[in-house]
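Listed here are the chains, written in short residue letters.
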Amino acid sequence: MITIICSECGKAPFGVTASGLFRCDCCASEITERDLFLEPGEVWAVDSAGTLGYIPAPDYS
C-alpha cells in the first residue's frame, strides 16, 4: 500500500475517523473517498493503523 499524503500541507498522511472521513494527521484537513483521484485499476485502502493509502494497479506485462 502506498500512503496518501495530504495535499493541503504536504506533511502527513490521512487517518480514518469514526465518521468515515479521512483527516490529515497534521493540519486536520478532511476528505472522503469521493475526493480521491486514482488511476484505473488502483484501489484505496486503509491499513491496520487507520492510515489511508492506495494499492497500485497490477502490472501484467
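Structure shown above.
Residues numbered from 1 in each chain as written. Predicted model: local features only at pLDDT ≥ 70, side-chain atom pairs only at ≥ 80, totals over all residues. Heavy atoms only, no water.

Novice: Describe the sheet that holds strand β3 (residues 22–24), listing the residues and the values that go with them.
Specialist: The strands that make up a sheet pair up through hydrogen bonds in the backbone, lying either parallel or antiparallel. The sheet built from 3 strands is open, its strands ordered β2-β3-β4 with antiparallel pairing. Here the strands that pair on one side only, and so sit at the sheet edges, are β2 (14–16) and β4 (30–31). Bridge analysis of β2 against β3 gives 3 bridges, and the strand direction is antiparallel. By the bridge assignment, glycine 15 is partnered in β3 with arginine 23. (Pairing = 2+ DSSP bridges. Helix = DSSP H or I, 4+ residues; strand = E, 2+ residues; numbered from the N terminus.)

Novice: An account of the sheet that holds strand β5 (residues 43–46) is needed here, citing residue identities and associated values.
Specialist: One open sheet holds the 3 strands; their spatial order is β1-β6-β5, and the pairing between them is antiparallel. The sheet is open, and its two borders are formed by β1 (2–3) and β5, each paired with just one other strand. Two strands pair when backbone bridges link them, and β1 and strand β6 (residues 52–55) are joined in this way by 2 bridges, in the antiparallel orientation. When the bridges of β6 are listed, isoleucine 2 appears paired with tyrosine 54.

Novice: Pulling in residues and values, what's your account of the packing of aromatic side chains?
Specialist: If you walk through the whole model with that rule in mind, you get 1 aromatic pair. On the basis of an interplanar angle of 75° and a centroid distance of 5.5 Å, the ring pair of phenylalanine 22 and tryptophan 44 is categorised as edge-to-face. Separated by 22 residues along the polypeptide, phenylalanine 22 in strand β3 and tryptophan 44 in strand β5 bring together distant segments of the chain. (Phe/Tyr/Trp six-rings, centres within 6.5 Å; stacked < 30°, edge-to-face > 60°.)

Novice: Just give me the short version of a nonpolar patch on the surface, but keep the residues and values in it.
Specialist: Among the surface-exposed residues, Met1, Val43 and Ile55 lie close enough to one another that they form a single nonpolar patch of about 260 Å² accessible area. Note on placement: isoleucine 55 falls in strand β6. (Patch = residues over 30% accessible without salt bridge, like charges linked within 9 Å, V, L, I, M, F, W, Y side chains within 5 Å. Areas by Shrake-Rupley, 256 points an atom, 1.4 Å probe, with all protein chains shown as cover. Salt bridge = Lys/Arg side-chain N within 4 Å of Asp/Glu carboxyl O.)

Novice: Tell me about the side chain of threonine 17, and name the residues and values.
Specialist: Here threonine 17 lies in the loop between β2 and β3. Overall, threonine 17 belongs to the buried group, its relative accessible area being 17%. A distance of 3.0 Å separates polar atoms of two side chains, one belonging to threonine 17 and the other to serine 19. (Buried < 20%, exposed > 50% of the residue type's maximum accessible area, 1.4 Å probe, protein only. Polar contact = N/O pair within 3.5 Å; in protein donor to acceptor, adjacent residues only side chain to side chain.)

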